[in-house]
Amino acid sequence: MLKGTMAYFKGLKTTAKYLFKKPVTIQYPDVKRPVRERFRGRHELKRFANGLERCIGCSLCAAACPADAIYVVPGQNDPAKPLSPGERHAAVYEINMLRCIFCGYCEDACPTNAIVLEHQYELSFYDRRSSIYTKDMLLVQPEDGYGEVPPVLEQTGRQLNPPAQIDL
Amino acid sequence: MGLEEKAGDLGIVTTTLEGVVNWGRTNAMWPMLFGLACCAIEMMAAQASNYDMSRFGMELMRASPRQADLMIVAGRVSRKMAPVLRRLYDQMPEPKWVIAMGDCASCGGVYNNYAVVQGVDEVVPVDVYVAGCPPRPEALIDGILQLHQKVRGEKIDQRSADRSPIRVDETVAGHHRGALKPLG
């Protein structure tokens, strides 16, 4: 009987110990825990310093994608007003976020380092159609920095692949 | 809202019945203890003390569908699991909601093959799809908050009208018709 009662207090001791500790809970929607630097979240299509798109519409990302989440339709560049260096650009570039498994193979496959998996992870949708992100949604906006070396490359110490080193 | 303006600040709040009911529904939405694959690990993490879903009134996962309001389909649903999933859904009392957590539950994800249901919305009506493979606990909580937002805008009698039972013939699990009889 006494032993049973003591066991009860022994358990309560643990409770009491944590009663005066700071709670470990992160108040998520208000406080956001920073992700790791190489976290793979939502994709972004990067640009060169002069505003040209890095993506040249080669579809290598779509070929590398194990989940077939990427859809690319290349288009011819207008020589007078090119969207990207070289002959072609991506006329249509769509990623289905519900198919994508965020493996980063598209990053590896990209010859111009155009596609980078960034840190946004809050991706919830009311219907499946809205999970398809178009090129307008994926392309970085001017105010978010043109022509930075994609952060992933900085961390890994990798050099830009040859087409990206073309002196523009 | 008109009463306070006329009567001044009497410490009274008037609201609509709908507002109160939806407030209640969002703040005590108990999920079902139900994990199918690796997403379940993240679901457990969301429930554990670091993220603590009980901050949103999801005190505990109910092991019985009879006591659950929310089904979080965490993981890929194989064709054999589909009738089971439907039965669990039918056993939940109205009002009930479904979150398809992760790529596999939402649309099959990387498993584009004959063995996996290509999206759990073929079997049960889905309210919110959460992308990620698996989604972080924060991403799941974001999905739950999106669902709360949706529930707040619902009409009280809307649910029964929207949710006419899925015609079993149109679902993948049509072959298992025997197993899918509504349990009502």
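Residues numbered from 1 in each chain as written. Chains lettered and ligands numbered in written order. Predicted model: local features only at pLDDT ≥ 70, side-chain atom pairs only at ≥ 80, totals over all residues. Heavy atoms only, no water.

### Points about the overall build of chain B
Working step 1: Along chain B, the regular secondary structure elements total seven helices and three strands.
Working step 2: Along chain B, from the amino end to the carboxyl end, the secondary structure elements read α-α-α-β-α-β-α-β-α-α.
Working step 3: Counting every position in chain B, which comprises 184 residues, the buried fraction comes to 48%.
Working step 4: If you take every contact in chain B between residues at least 6 apart in sequence, the share linking residues at least 24 apart comes to 77%.
Working step 5: Of the roughly 8900 Å² of accessible surface on chain B, a fraction of 56% belongs to carbon and sulfur atoms. (Helix = DSSP H or I, 4+ residues; strand = E, 2+ residues; numbered from the N terminus. Buried < 20%, exposed > 50% of the residue type's maximum accessible area, 1.4 Å probe, protein only. Contact = heavy atoms within 4.5 Å. Areas by Shrake-Rupley, 256 points an atom, 1.4 Å probe, with all protein chains shown as cover.)

### Some words on the overall build of chain A
Working step 1: Along its length, chain A carries five helices and six strands.
Working step 2: Starting at the N terminus and walking to the C terminus, you meet the elements of chain A as α-β-α-β-β-α-β-β-β-α-α.
Working step 3: Across the 168 residues in chain A, those meeting the buried criterion constitute 40%.
Working step 4: Put simply, of all contacts in chain A between residues at least 6 apart along the chain, 74% involve residues at least 24 apart.

### Quick look at the pairing of strand β1 (residues 70–74) of chain B
Residue and element names in this part refer to chain B.
Working step 1: With five of its five residues buried, β1 lies for the most part within the structure.
Working step 2: The alternating pattern of β1 places Leu70, Ile72 and Ala74 on one face and Met71 and Val73 on the opposite face, and all of these are buried.
Working step 3: Two elements, β1 and strand β2 (residues 97–101), share five bridges in a ladder whose sense is parallel. Bridge assignment links leucine 70 to a residue of β2, and that residue is tryptophan 97.
Working step 4: Of the crossover connections in this fold, the one passing from β1 over helix α4 (residues 82–91) to the parallel β2 is right-handed. (Pairing = 2+ DSSP bridges. Right-handed = clockwise from strand over helix to strand, strands pointing away.)

### A few points about a positive patch on the surface
Working step 1: On the surface, a cluster of positive charge is contributed by A:Lys10, A:Lys13, A:Lys17 and A:Lys21.
Working step 2: Mapped onto the elements, A:Lys21 comes out in the loop between α1 (2–19) and β1 (43–45). (Patch = residues over 30% accessible without salt bridge, like charges linked within 9 Å, V, L, I, M, F, W, Y side chains within 5 Å. Salt bridge = Lys/Arg side-chain N within 4 Å of Asp/Glu carboxyl O. Lys, Arg positive; Asp, Glu negative; His and termini not counted. Charge placed at Lys NZ, Arg CZ, Asp CG, Glu CD.)

### Overview of the environment of A:Pro34
Residues and elements named next belong to chain A.
Working step 1: Within the element layout of this structure, proline 34 appears in the loop between α1 and β1.
Working step 2: Given a relative accessible area of 73%, proline 34 falls into the exposed group.
Working step 3: For the pair proline 34 and phenylalanine 102, spaced 68 residues apart in sequence, the C-alpha to C-alpha distance is 18 Å.

### Here we look at the sheet that holds β2(B)
Working step 1: Taking strand neighbours across the sheet as the criterion, the four strands line up as β5(A)-β3(B)-β2(B)-β1(B) in an open arrangement whose pairing is mixed. Sheet topology places β5 (124–125) of chain A together with β1 of chain B at the edges, where each strand pairs with a single neighbour.
Working step 2: In this sheet, strand β3 (residues 128–130) of chain B lies alongside β2(B) in parallel orientation, the contact comprising three bridges. Following the sheet pairing, B:Ile99 is matched in β3(B) by B:Val128.
Working step 3: Its contacts with the sheet put helix α6 (residues 137–152) of chain B on β5 of chain A together with β1, β2 and β3 of chain B, and the angle it makes with β2(B) is roughly 150 degrees. (Axes fitted to C-alpha atoms, helices over the stretch in contact; angles between N-to-C directions.)

### Side note on the environment of B:Ser78
Residues and elements named next belong to chain B.
Working step 1: Relative to the helices and strands, serine 78 is located in the loop between β1 and α4.
Working step 2: For serine 78, a relative accessible area of 30% puts it in the partly exposed group.
Working step 3: Contact partners of serine 78, with chain neighbours within four places excluded, come to Ala115, Val116 and Val117.

### Let's talk about the packing of aromatic side chains
Centre-to-centre distance and the angle between the planes together describe a pair of aromatic rings.
Working step 1: Enumeration over the complete set of coordinates arrives at three aromatic pairs over all chains.
Working step 2: On the numbers, 6.5 Å between centres and 90 degrees between planes, the contact of A:Tyr8 with A:Phe9 is edge-to-face.
Working step 3: By relative accessible area, A:Tyr8 is classed as exposed at 59%.
Working step 4: A centroid spacing of 6.1 Å and a plane angle of 80 degrees characterise the contact between A:Phe125 and A:Tyr133, whose relative ring orientation is edge-to-face.
Working step 5: A residue is classified by how much of its surface remains accessible, and A:Phe125, at 6% relative accessible area, is buried.
Working step 6: Just above the ring of A:Tyr18 sits the side chain of A:Lys21; from NZ or CZ to the centre is 4.7 Å.
Working step 7: When the ring centre of B:Tyr89 is taken as reference, the NZ or CZ atom of B:Lys96 above it lies at 4.3 Å. (Phe/Tyr/Trp six-rings, centres within 6.5 Å; stacked < 30°, edge-to-face > 60°. Lys NZ or Arg CZ within 6 Å of the ring centre and 35° of its normal.)

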